[in-house]
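In case you want the letters, here they are:
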Amino acid sequence: MRASTYPLVDADEAASLVLERTQVLGVERRSLDESAGRVLAEDLIAPSALPAFPSSAVDGYAVRSVDAGRTLRVIGESAAGRPLAGPVGPGTAARVLTGGVVPEGADCVVMVEDVHVDGEVVKVPSPLRAGTNYHKVGDDVHEGDRVLSAGTQLGAAEIGIAAAIGQAMLPVRRRPRVALMSTGDELVEVGKKPGPGQIQDSNRWALLAALREAGADVSLLGIAPDEPEALRRLVVDALESADVLVTSGGVSVGTHDLVKPLLESLGTVHVGRVKLKPGKPFTFATLPQGKLAFGLPGFPVSSLVTFEVFVRPSLRKMQGFARLQRPTLPVRLGYDARATADRTEYQRVTLRREGAELVAETTGSQSSSRLLSLAGAHALVRIAPGDLGVKAGRVVEAIILALP
Ligand code: AMP
Ligand code: MG
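Residues numbered from 1 in each chain as written. Chains lettered and ligands numbered in written order. Predicted model: local features only at pLDDT ≥ 70, side-chain atom pairs only at ≥ 80, totals over all residues. Heavy atoms only, no water.

A. The overall build of the protein, seen in detail. A count of helices and strands for the protein gives 7 helices and 27 strands. Computed over its C-alpha atoms, the radius of gyration of the protein comes to 31 Å, more than 25% above the 22 Å expected for a compact globule of 404 residues. Per-residue burial over the protein gives 46% buried out of 404 residues. Long-range contacts, defined here as pairs at least 24 residues apart, represent 71% of the contacts in the protein between residues at least 6 apart. Carbon and sulfur atoms provide 53% of the accessible area of the protein, an area that totals close to 19300 Å². Taking the average place of the 45 positive charges on the side chains of the protein and the average place of its 46 negative ones, the gap between the two points comes to 4 Å. (Helix = DSSP H or I, 4+ residues; strand = E, 2+ residues; numbered from the N terminus. Rg over C-alpha atoms; globule rule 2.2 N^0.38 Å. Buried < 20%, exposed > 50% of the residue type's maximum accessible area, 1.4 Å probe, protein only. Contact = heavy atoms within 4.5 Å. Areas by Shrake-Rupley, 256 points an atom, 1.4 Å probe, with all protein chains shown as cover. Lys, Arg positive; Asp, Glu negative; His and termini not counted. Charge placed at Lys NZ, Arg CZ, Asp CG, Glu CD.)

B. Looking closely at the site of ligand 1. Taken together, 17 residues surround ligand 1, and among them E186, D201, G250, G298 and F299 come closest. Separating an oxygen atom of ligand 1 from a backbone N or O atom of F299 is a distance of 3.1 Å. Protein chains bury 80% of the 490 Å² of accessible surface belonging to ligand 1 in isolation. Judged by the proximity of its atoms to the pocket grid, ligand 1 belongs to the largest pocket. Looking at the shell around ligand 1 residue by residue, the classes come out as 4 nonpolar, 10 polar and 3 charged. (Near = heavy atom within 4 Å. Polar contact = N/O pair within 3.5 Å; in protein donor to acceptor, adjacent residues only side chain to side chain. 1 Å grid on protein atoms, 1.4 Å probe; cavity = no way out; pocket = protein on both sides within 12 Å on 5 of 7 lines; lining within 4 Å. Sits in = over half its atoms within 2 Å of the grid points. Nonpolar A, V, L, I, M, F, W, Y, C, P; charged D, E, K, R; others polar.)

C. View of the packing of aromatic side chains. Evaluation of the coordinates by the stated rule reveals 3 aromatic pairs. Look at F282 and F294: their rings are 6.3 Å apart centre to centre, the planes differ by 35°, and that puts the pair in the tilted class. Of this pair, F282 sits in the loop between β20 (273-277) and β21 (283-287) while F294 sits in strand β22 (residues 291-296); the two residues are 12 residues apart in sequence, bridging distant segments of the chain. Here the two residues F282 and F294 agree in accessibility, since each one is buried. Both rings, one in F282 and one in F310, keep their centres 4.1 Å apart while their planes meet at 15°; by these two values the pair is stacked. Here F310 lies in helix α7 (residues 300-318) and F282 lies in the loop between β20 and β21, a separation of 28 residues in the sequence. In this structure, F282 and F310 share a single accessibility class: buried. (Phe/Tyr/Trp six-rings, centres within 6.5 Å; stacked < 30°, edge-to-face > 60°.)

D. Spotlight on the environment of L292. Within the secondary structure, L292 sits in strand β22. Expressed as a C-alpha distance, the spacing of L292 and L239, which sit 53 residues apart in the sequence, is 9.6 Å. Those residues in contact with L292 that sit more than four places away from it in its chain are R21, T22, D243, V244, L245, F284, A285, T286, S314 and M318.

E. Quick peek at the layout of surface pockets. In this structure, the largest pocket spans a volume of roughly 590 Å³. Residue assignment for the lining of the largest pocket shows that the elements contributing at least two residues are β16 (199-200), α7 and β24 (344-354). When grouped by side-chain class, the residues that make up the lining of the largest pocket number 8 nonpolar, 15 polar and 9 charged. In this model, the second largest pocket occupies a volume close to 280 Å³. (Points joined across faces, edges and corners; volume = space filled by probe spheres on them.)

F. How the structure looks around the side chain of E28. Structurally, E28 is set in strand β2 (residues 27-31). At 2.2 Å, the side chain of E28 and the side chain of R38 are in polar contact.

G. Spatial organisation of α7. Look at α7: 25 Å from first C-alpha to last across 19 residues, which is about the 27 Å you get at 1.5 Å a residue. Roughly 45° is the biggest bend found in α7, and it falls at E308. Most of α7 sits inside the fold, with 18 of its 19 residues counted as buried. (Expected span 1.5 Å × (residues − 1). Bend = angle between axes of the 7 residues up to and from the residue.)

H. Here's a closer look at the pattern of salt bridges. One pass over the structure, following the stated rule, counts 18 salt bridges. When the shortest N-O distance is used, the salt bridge between R233 and E229 registers 3.9 Å. Linking R233 with E229, this pair stays in helix α5 (residues 228-239), spanning 4 residues, or about one helical turn. Of the residues examined, E229 reaches a relative accessible area of 40% and is grouped as partly exposed. (Salt bridge = Lys/Arg side-chain N within 4 Å of Asp/Glu carboxyl O.)

I. Up close: the sheet that holds strand β5 (residues 60-63). Taken in spatial order, the 6 strands line up as β8-β5-β7-β6-β10-β9 in an open sheet, and their pairing is mixed. Here the strands that pair on one side only, and so sit at the sheet edges, are β8 (108-111) and β9 (116-118). In this sheet, neighbouring strand axes are inclined to one another by 40° on average, regardless of whether the strands run parallel or antiparallel. Inspection of the sheet shows β5 paired to β8 by 4 bridges, in the antiparallel sense. (Pairing = 2+ DSSP bridges. Axes fitted to C-alpha atoms, helices over the stretch in contact; angles between N-to-C directions.)

J. Local environment of a nonpolar patch on the surface. Together, V190, W205 and L220 make up an exposed nonpolar region whose accessible area comes to about 260 Å². Assignment of secondary structure puts V190 in the loop between β15 (187-188) and β16. Here V190 falls in the partly exposed class, since its relative accessible area comes to 49%. (Patch = residues over 30% accessible without salt bridge, like charges linked within 9 Å, V, L, I, M, F, W, Y side chains within 5 Å.)

K. Expanded view of α5. When the terminal C-alpha atoms of α5 are compared, their 16 Å separation across 12 residues agrees well with the 16 Å that a helix rising 1.5 Å per residue should span. All of the buried residues along α5 are A230, L231, V235, A238 and L239. Relative to the axis of α5, the buried residues are bounded by an arc of 160° and lie together on one face. Turned more than 90 degrees away from the buried face of α5, the exposed residues are R233 and D237. For α5, the elements touching its buried residues are β14 (177-183), β17 (217-224), β18 (244-248), α6 (259-266), β21 and β22. (Arc of directions from axis to C-beta.)

L. Broad picture of the side chain of S78. The residue S78 is located in strand β6 (residues 71-78) in this model. On the basis of relative accessibility, which here comes to 0%, the residue S78 falls in the buried class. Within the structure, the side chain of S78 is placed 2.6 Å from the backbone oxygen of V101, a separation counted as a polar contact. Here S78 is in contact with P83, L84, R95, V96, L97, G100 and V101, once residues within four sequence places are set aside.

The structure is reproduced here in structure tokens:
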């Protein structure tokens, strides 16, 4: 064992350093089906107006408002997709169904409930207001409008908008290809009975879920032993097709911690230790061809917290997200938050509503091995280094993972 030679980098500085070294990935055209959940790479401009024709909002009669109170001759029907050929002239009306074209000449639609029909004539009420009960050309979208901006994640409504303006294929950012690996001789596959001193490889599955949630396309590399050559071969192979390498374990200073020297030999280690709790041994390296490597600590909570702080924003930048960070909200502390002398601490809290406020309670022991401190947590509260901490009752800005 030797003391680490890596300088302790401030947590925010390390996070900016990671983002500075992160490149936005390329653009690909994908079908609407495949674009859901992806990030739009270019502004989407409407090639024409929506609706493209005056479209009835109700079932009724298209008439001229100046014919209010009269009995009108019904000249035909305009159903959705089957417009009426002629115009509506003085003294006439056209039966019109929802989504049908309001014929030329008509300037309002009277709901079927409001008329009296007698064979081929219809009596309309008075007064009538021009422009009622139909959507005018361009009411929803004008030709040339920017309907979606680059950086928008394509959810249900956004996909619907793209479809409505006739875009079958969309320019989206490529998903980052991430190779994920656990390291450690003590690890066994989940479901296998651990032998003496062995534990189940939980980080791989936790990180897989976190990576997918962040939009990554993940290949699972399994467990690498604490043996330099075997580890190197696995990593070098994985990097053939990956943009990003994520490992867990093997970054502290014990003799079996092989990830840092491996990354040193393959590229440049920019961060080897961070003033962060949990997650002090977090390691970040750049590799040839713009690839990135994140060596996450082995302790389960440390690996997920460093994922949140460093990896997730980086993956979001790669995908062109307009917003890289999770939202924050002011919360009132329901407990005395003690600080760590030399490190920014990310404490896990649950939130509850109290009137108009959110109140944060600790999830209990914040040990970096205790995943139950993160399971069900609604937010992370950052406590600055020092010996003051933050007293119960104070309002702080919390990083929201999920609202109660
Ligand atoms: P390391 O960073 O390799 O020294 O690991 C620190 C601690 O995290 C040790 O107690 C490991 O057993 C534990 N650990 C490492 N990798 C994993 C993993 N994949 N799943 C669960 N715990 C792990
Ligand atoms: Mg280890």
